[in-house]
Structure formats: C-alpha cells, structure tokens
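Working through the structure, step by step
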Amino acid sequence: MIVCFGVQAQNVKTENFPEISFVWNEYGTEQYTKSYFSLKEDGRNVPFEVVIQKSEKTKNVLFLWEDMASHSGQYDTFKQVLTSFLGSAVGNGDKFNVLVFNRRPFNGKAGENYRLLTNGFVSANELLGNINSYQRSTAHYSQQDVAADLYASIEDALKYLSEDKSRDKMLVLMTAGLNVSVSGATKERAPLEDEARKAGIPIYAVYYPYQGNSHVPAYIQGIAENTGGKVIVADNPVSAADALSGYDAKLDTRSYSFTFTTQQKRDGKPHEIVLQHAGGKSETLTFTAPNMTLSVWIKENVRLFIGLVAAFIAIVVLVVILWVNHKKKKEAEIRANLENVRQEAEAKTSAARQEAERVRQEQIAYQQKQEREKQIATVQAEQERLAGLMQAKNLFPRLQCSVAGNNFTYNINKPVTTLGRKGHNNDVELDNDKVSRHHAEIVFTGGGFEIIDKGSTNKVIVNGQFFERATLKNGDIIGLGEAVITFYV
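The strand order across the open sheet built from 5 strands is 17-16-18-19-22, with neighbouring strands paired in mixed fashion. Sheet topology places strand 17 (428-430) and strand 22 (469-472) at the edges, where each strand pairs with a single neighbour. With strand direction ignored, the average angle separating the axes of adjacent strands in the sheet is 20°. Pairing of strand 18 (residues 440-444) with strand 19 (residues 449-453), which is carried by 5 bridges, proceeds in the antiparallel orientation. When the sheet's bridge partners are listed, Ala440 is paired in strand 19 with Asp453.

What follows is the structure, encoded as structure tokens:
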C-alpha cells in the first residue's frame, strides 16, 4: 500500500521536451519495481522508465512513552521493550531519545507533563542508562484537559523530530490508547497524519493491551497505517522489541525518478499525468508543453532546414547564371562593332560573379554559425540534464581540502567542477605552486563522479596511484601537487 505520494506539480521537468520527468518519494515499505506502476497522459497509457534511488541516511528515532501512574504493568512492559530494543540497536549508526508524557491536569498547559530523557539524540548505549535511572510517574489526575492528550503529545513529538533535516526520522508511540480525547477536544487525528506524511515521519505504535484486551483501537491502527508505520501489540516485551527491530530495518526512504516521452505537440497547453500504483492509489500532476519557436523548429527539423537553405542557394545561383548568360548573349551581338561595350559588359559580368561568390560565402558562414549554435545548445542541454539528474538523485558531494595547513570544504553542485592553482578562475582554488593552473576536473557522468587530469605537470593521484581518469568513491583521497583532497558523497 502506498503511504506517501511526494509528487508535486513543480517537480515535473519539461526542459528536454518531448521527454518529461518527475520524482515520487516513498517511505516505510519495501522497494517497488516498475511493474507496480502505470502511467497515463491525458487518459492514454504511455511507456516509461523509472530509476530507484535509495536513501543511505541514518535515522533519529523518538520514543513517545506514555507513563500512566495508575498502570504499573504498562510502565514495566514499555521499559522492557525499550531496553530490549536498544540493546539490539547498538552500533547501527541511528540515534535515539525518549519523550515521556502523562495525562495533563485539568486546564494544564502543553508541555507541563513532558520529559526528555536526554538532551538531543544519542546512541542506544547512552540512552539505556537514562531509561534505567528513570523513575516512573506517581501523579494522578481526576480530570482531563479539554485537548486530546495523546494527539497533542504526537504533535509535539513531530515538531521535535522535524528540527533535524539531515537524517531520516521515525516516531514510536508507546501507549495503551486511553487518554485520546474528551468532550470539546481541540486536537484531531487527520491533521497529525498529514503532518507526519509531509515530513516523511512514519509512526510505529507499540500498543499495551490494557486489561488483557489485545484488540487495537481503530484510531491507533489508523495513525500507524496512514503514516507508513506498523502496530505492534506488546503481549510479550521481548517479542515486541524484536518485531520493532524488524520493522525498523524496513524504514528506507526512496526516490523514484520517472521519465517518459510525451505524445503531445509543442502547443503551450497544460496536460494531465496520472501515476497509478498497483495498491490502488494514484497521483495526478500537470505539465505545460512549451511553445514552438523558430530556433526549436530548426533544431527539431535540421534536415528540412538544410534542404530549404540549399534550395534557396540553388535558386540564387540559377538566377545569377541566367543573368550572366543573358549578358553574354547580348554582348555577342554587339561585340563586332562596340569593343567598349564588350569590355564594359565583361566588367559587369565579373562584378556579378563576385557578388554571387559573396552571397555563397555568406550562406556558408551562416550555416557554420547555425552549426556552432546547435553544438553549444547540445552541450548546454547535456549540462542541464546532468544537473537535473544530480538534483533528482540528491547527489551533492563535498571536497575536504588541505593545502599547506589551510583546510576548507567545497560542496559540488554542478556537473563539471574545475580544480587548479589559485588565481586562475577555477571552482576549487588551491594555493600551492605544485598545483597546475588548470590541474583537473571532477565530472558527473550521470551514474557517478570521475576525476580527469587536464594535462597537469604533477599529475593526479587517487589513493596513492597516478590516474589520467578515475571514478571516485566515497572517502577517496586525491592528491594534486601538495594539496590533499578527500571526496565524500
């Protein structure tokens, strides 16, 4: 089941018309294949290609722990789930925190009964110590706030998780589902689900079967399923922790890049795209076809354009030839008696030939200019395509540079990045005499990044070996003269 369609209309790319592309982001499920999707343009099925890019980011996992003083069994169960889960999560690179909440006093303010167990997200080992030292709540309240306690707690947890934009997120709600809403509640479930989907935060629910009732309430089931999470019934704390670990392993964010060739003409009108998933959900987008211009028509009809130019030249040449023949015939008739007229006619003929040659040379120059402009447009289009591909794949490597004790970082944000000695108009300027003026380039090939030696004096060294051209991987060490650069992607 698709749980999050991340496609927006502005994601549609038409720069390479008639090729259309867009990106759909999905999380919380297994990886889909092309067969899961179908694509329609203005109601007609169209063939398409899809490229899947999996996120490699680690996660911040926040446990929203409901600690009710009146439920000792709930407290003990959730504590065992936490300690068992975190004990198996050591070393996976993810970070964790726990936000404990209790029922609020009547007319209490949001956040009065909240407690973060650590200052920020930490490793599993660090958090275990805080959990073991936590003392359970002893506060009892005879009345509830008019706000929905559980929903208000989820809202605050989502805000806390959303502060860090560099990592994937996951919210684990640990509740018996009792303090949900009362008469006059101001918090509703649907906006919370929309907020979680928009932020890419699936909500997993560990449900405590209060009074032995293992039937999960519909609102708990809905919160999990509608945000891409799962529901785990904590009949057994260890089994619940194992199940949570298994679901955590499936929390992969992916970007699906769709590309197809439109059947529409350059008419400047909007057209509808419908992406359909085998699970039954669909996403509707629109794109506006670009207008036809003279330069575009020439680019798309090169052979016809050359034929028209050739026909025009032929007509001009034919006219010139007919005119020259006419002059010659007239000259032949009067040559015997009018030598001066003959000489004048020859001069005019010579001038006409020069004019014809000038016209021909101008046409040749015009063709050469058009060809150069075409080549420049082709190169620019390729650069724009690669830049769009970098954006779609979210590939923006960084270079950690060290030159004579001077350390700095350069973030690559375009397909071609130049490296060379300072003062010679390079993207990455290295202040060292051993570095050539234009030493090397790092080029995005569409599938990865390569470094190319631009004829430097001291060559390019990658991981201790000389290369004229080498494919770069995360963590590769590059040597340019006495400059050392580490490539991260």
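With that settled, consider the nonpolar core. Most often, soluble globular proteins have nonpolar side chains that are buried together. If you look at the biggest cluster of nonpolar residues, it comprises 32 residues, and the most contacted ones within it are Phe63, Trp65, Leu86, Phe96, Val98 and Val172. Elements with a contribution of two residues or more to this core: strand 5 (59-66), helix 1 (72-88), strand 6 (95-101), helix 2 (124-133), strand 8 (168-175), strand 9 (203-207) and helix 6 (237-249). Those residues in contact with Leu86 that sit more than four places away from it in its chain are Phe63, Phe96, Ala124, Leu127, Leu128 and Ile131.

Counted according to the given criterion, the structure contains 13 aromatic pairs. Arranged with centres 5.6 Å apart and planes meeting at 15°, the rings of Trp65 and Tyr75 form a pair that is stacked. Taken together, the residues Trp65 in strand 5 and Tyr75 in helix 1 connect sequence positions 10 residues apart. Given the relative accessible area of 0%, Trp65 is considered buried. Ring geometry for Tyr75 and Tyr134: centres 6.3 Å apart, planes at 40°, overall tilted. In this pair, Tyr75 sits in helix 1 while Tyr134 sits in the loop between helix 2 and helix 3 (149-161), placing the two residues 59 residues apart along the sequence. There is no split in this pair, since Tyr75 and Tyr134 are both buried. The lysine or arginine in question, Lys34, covers the ring of Phe48, its NZ or CZ lying 5.3 Å from the ring centre. Cation over ring: Arg398 sits above Tyr488, and NZ or CZ is 4.4 Å from the ring centre.

Criteria and cut-off values
- Residues numbered from 1 in each chain as written.
- Predicted model: local features only at pLDDT ≥ 70, side-chain atom pairs only at ≥ 80, totals over all residues.
- Heavy atoms only, no water.
- Pairing = 2+ DSSP bridges.
- Helix = DSSP H or I, 4+ residues; strand = E, 2+ residues; numbered from the N terminus.
- Axes fitted to C-alpha atoms, helices over the stretch in contact; angles between N-to-C directions.
- Core = buried A, V, L, I, M, F, W, Y, C linked by side-chain atoms within 4.5 Å.
- Buried < 20%, exposed > 50% of the residue type's maximum accessible area, 1.4 Å probe, protein only.
- Contact = heavy atoms within 4.5 Å.
- Phe/Tyr/Trp six-rings, centres within 6.5 Å; stacked < 30°, edge-to-face > 60°.
- Lys NZ or Arg CZ within 6 Å of the ring centre and 35° of its normal.

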